Amino acid sequence: MKFFVDTADLDEIKEAESWGCLSGVTTNPSLYAKTGGKLADFEGHMVKICQICEGLPVSAESTAETTEDMIAEGRRLASLAPNIVVKLPICEASLPAMHTLAKEGIRVNCTLVFSAPQALLAARAGARYISPFVGRFDDIGDEGLDHLEEMIDAVHNYSYGYWDEEDGPEIITASVRTPHHVTQAALLGADIATVPFGALKKCVHHPLTDRGLELFAADWAKVTAEA
Ligand code: E4P
């Protein structure tokens, strides 16, 4: 399973990219707002992310509400950098937009996906990536991972003819909150997990690793003290 980082914060993206295990970035309007960014700077900000992560897919979300506007905004976003992926929410207006953009070779990440029928429709319309949300199910007392399993199985049962067989559509496990979500997404066969930087850092750690490091450091201090 590949790791994407789910943030629009440039410092977080730079640090995650420096680790050498990052395969992409996802952003959304809320994540951009969190950086304090203004409308006039949005496209420039997306370009900066694309430059930090040269060659890696960077999802930039359209806020358009009609099919025509989604197509126009999608084309504009895709023209910003070769690694931009246009993010569109699943809805009646976005399906024809996904289809048009896919036929032009523009990659779409279909977001806000909460059911297998939604995921299958997005795949059939030509989405290159499909993003089922896990944590938001958990937030309302449901089992996000059970829904994720359904969506992965349903989408991976078929081929869709838009992208190379091995390349898509790929399932991005989104709305990830914990390392447990990451583990289970991998065991369920998700192609990608997009993880907020805080949760990604938690994935690097384990209490026994941290304790082991403290013990090694304490014992090594004894060795160096004797020298
Ligand atoms: C990713 O593509 C989504 O925008 C993101 O994972 C949403 O996560 P949230 O539920 O934590 O806002």
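Keep in mind it's a predicted model, so treat the numbers as computed, not measured. (Residues numbered from 1 in each chain as written. Predicted model: local features only at pLDDT ≥ 70, side-chain atom pairs only at ≥ 80, totals over all residues. Heavy atoms only, no water.)

Draft legend 1. View of the site of the ligand. Around the ligand, a shell composed of Asp6, Thr26, Asn28, Lys87, Phe133, Arg136, Ala174, Ser175, Arg177 and Thr194 is seen. Between the ligand and Ser175, the relevant distance is 2.7 Å, taken from an oxygen atom to a side-chain nitrogen or oxygen of the residue. (Near = heavy atom within 4 Å. Polar contact = N/O pair within 3.5 Å; in protein donor to acceptor, adjacent residues only side chain to side chain.)

Draft legend 2. Local environment of the pairing of strand S4 (residues 84-89). For S4, the tally of buried residues reaches 6 of 6 residues, placing the bulk of the element in the interior. Of the crossover connections in this fold, the one passing from strand S3 (residues 58-61) over helix H4 (residues 67-80) to the parallel S4 is right-handed. As judged from the 4 bridges shared by S4 and strand S5 (residues 108-113), these two strands associate in the parallel manner. Residue pairing in the sheet places Leu88 in a bridge with Cys110 of S5. Between the parallel elements S4 and S5, the chain passes through helix H5 (residues 94-103) in a crossover that is right-handed. (Buried < 20%, exposed > 50% of the residue type's maximum accessible area, 1.4 Å probe, protein only. Helix = DSSP H or I, 4+ residues; strand = E, 2+ residues; numbered from the N terminus. Right-handed = clockwise from strand over helix to strand, strands pointing away. Pairing = 2+ DSSP bridges.)

Draft legend 3. Highlighting the packing of aromatic side chains. Per the stated rule, a full pass over the model turns up 5 aromatic pairs. Where Phe4 meets Tyr129, the ring centres are 6.3 Å apart and the plane angle is 65°; that geometry is what we call edge-to-face. A residue pair is termed long-range when its members are at least 10 positions apart, and Phe4 in strand S1 (residues 2-6) and Tyr129 in strand S6 (residues 129-132) qualify at 125 residues. Looking at Phe4, the relative accessible area reads 2%, which means it is buried. Measuring from ring centre to ring centre gives 5.1 Å for Tyr32 and Phe42, while their planes differ by 80°; the resulting arrangement is edge-to-face. Pair noted here: Tyr32 is in helix H2 (residues 29-34) and Phe42 is in helix H3 (residues 42-52), with a separation of 10 residues, a long-range link. The pair formed by Tyr32 and Phe42 is uniform in burial state, with each residue classed as buried. Of the aromatic side chains, those joined through ring pairs into one cluster are Phe114, Phe133 and Phe137. Sitting over the face of the ring of Tyr129, Arg128 holds its NZ or CZ atom 4.6 Å from the ring centroid. (Phe/Tyr/Trp six-rings, centres within 6.5 Å; stacked < 30°, edge-to-face > 60°. Lys NZ or Arg CZ within 6 Å of the ring centre and 35° of its normal.)

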